[in-house]
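Architecture at a glance
Listed below are the residues making up each chain.
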Amino acid sequence: MLGNVYWDARDVVLALLCVVSVYTDVTTGKIKNWLTFPVMAAGVALAPLAAPNWWEGAAGLGCAFAVGVLFWKVLPALKPGDVKMLMAAGSLLGPQAAIRAILLSAILFFPVGIAVLVARGRVRNFFRVARNYIREPGKQDPDTTVIIHAPVIAAGIVLARLQSWPELW
């Protein structure tokens, strides 16, 4: 136990998910299906053994799917691999922590994005790209600065796991 967080087998799988996802996203630009789908299955399978309720793995996967698809399709901020990483984490965390992980990741994207733009000297470019996106949502601007999502998502997942629900909000 660390603070008020109890550790179990799901945390080992969650740590492996985060480390391998960050590695593959940084090196290849993709989060691999061979990682995310087995972790989703493991999260659902481990829930009856370790979670307070037997259904928490499936509910966490479903919550992460619903919110993740929103960030993928409606607000195209995530790629499909990012959503699958969130779903895999959701199956291990349960529904409340899955939603917390997504919200914390979204909050972390802002300062990380600004830092990347400043480091690359592209802050002025951001406003032009945003204006063009509002005018033509389906058209990708070639000057768009891309941020690798997995490290930020992994940070959100870890923070959600370490923080209990009542103390965060």
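Each remark here, short or long, concerns the structure printed above.
It should be emphasised that the depicted structure is a prediction, and the values quoted were computed from it without experimental measurement.

The next point concerns the overall build of the protein chain. Helix and strand counts for the protein chain come out as 8 helices and 0 strands. Looking at the 169 residues of the protein chain, the share that counts as buried comes to 38%. The long-range fraction of contacts in the protein chain, counting pairs at least 24 apart against all pairs at least 6 apart in sequence, stands at 73%. Carbon and sulfur atoms form 71% of the exposed surface of the protein chain, whose accessible area is close to 9600 Å².

Glancing now at helix H7 (residues 150–162). Taking 1.5 Å as the rise per residue, H7 with 13 residues should run 18 Å; its terminal C-alpha atoms sit 18 Å apart, in good agreement. Looking only at H7, the buried set comprises Ala 150, Val 152, Ile 153, Ala 154, Gly 156, Ile 157, Ala 160 and Arg 161. Elements in contact with the buried residues of H7: helix H1 (9–28), helix H4 (80–93) and helix H5 (95–120).

What follows concerns the side chain of Ser 105. For Ser 105, the location among the structural elements is in helix H5. Accessibility expressed as a relative area gives 3% for Ser 105, which makes it buried. Here Ser 105 is in contact with Val 152, Ile 153, Gly 156 and Ile 157, once residues within four sequence places are set aside.

In this structure, Leu 14, Leu 17, Leu 78, Met 85, Leu 93, Ile 153 and Ile 157 are the most contacted members of the largest nonpolar core, which totals 30 residues. With 8 residues, H4 is the single largest residue contributor to this core. Ignoring sequence-local partners within four residues, the contact set of Ile 157 consists of Leu 14, Cys 18, Met 85, Ala 89, Leu 93, Ala 101 and Ser 105.

Next up on the list: the packing of H1 against helix H2 (residues 33–50). Between H1 and H2, whose axes approach to 10 Å, the crossing angle comes to 165°. For the element pair H1 / H2, the angle class is roughly antiparallel. As H1 runs across H2, the sense of the crossing is left-handed. Of the residues in H2, those in contact with Arg 10, Val 13, Leu 17, Val 20, Ser 21 and Thr 24 of H1 are Trp 34, Leu 35, Val 39, Leu 46 and Ala 50.

Further remarks concern the pattern of salt bridges. Taken as a whole and assessed by the stated rule, the structure comprises 1 salt bridge. Residues Arg 161 and Asp 11 are paired through a salt bridge, measuring 2.5 Å at the closest nitrogen-oxygen approach. Placement of the pair is Arg 161 in helix H7 and Asp 11 in helix H1, with a sequence separation of 150 residues. For Arg 161, a relative accessible area of 18% corresponds to the buried category.

Our focus in this paragraph is the packing of H2 against helix H3 (residues 56–74). The contact between H2 and H3 brings their axes to 7 Å, and the two run at 145°. Where H2 abuts H3, its residues Met 40, Gly 43, Val 44 and Ala 47 lie against Glu 56, Gly 57, Ala 58 and Leu 61. Across the contact of H2 with H3, the residue classes break down as 5 nonpolar, 2 polar and 1 charged.

The rules behind these values
- Residues numbered from 1 in each chain as written.
- Predicted model: local features only at pLDDT ≥ 70, side-chain atom pairs only at ≥ 80, totals over all residues.
- Heavy atoms only, no water.
- Helix = DSSP H or I, 4+ residues; strand = E, 2+ residues; numbered from the N terminus.
- Buried < 20%, exposed > 50% of the residue type's maximum accessible area, 1.4 Å probe, protein only.
- Contact = heavy atoms within 4.5 Å.
- Areas by Shrake-Rupley, 256 points an atom, 1.4 Å probe, with all protein chains shown as cover.
- Expected span 1.5 Å × (residues − 1).
- Core = buried A, V, L, I, M, F, W, Y, C linked by side-chain atoms within 4.5 Å.
- Axes fitted to C-alpha atoms, helices over the stretch in contact; angles between N-to-C directions.
- Parallel < 35°, antiparallel > 145°, perpendicular 65-115°, else oblique.
- Left-handed = near helix turned anticlockwise from the far one by under 90°.
- Salt bridge = Lys/Arg side-chain N within 4 Å of Asp/Glu carboxyl O.
- Nonpolar A, V, L, I, M, F, W, Y, C, P; charged D, E, K, R; others polar.

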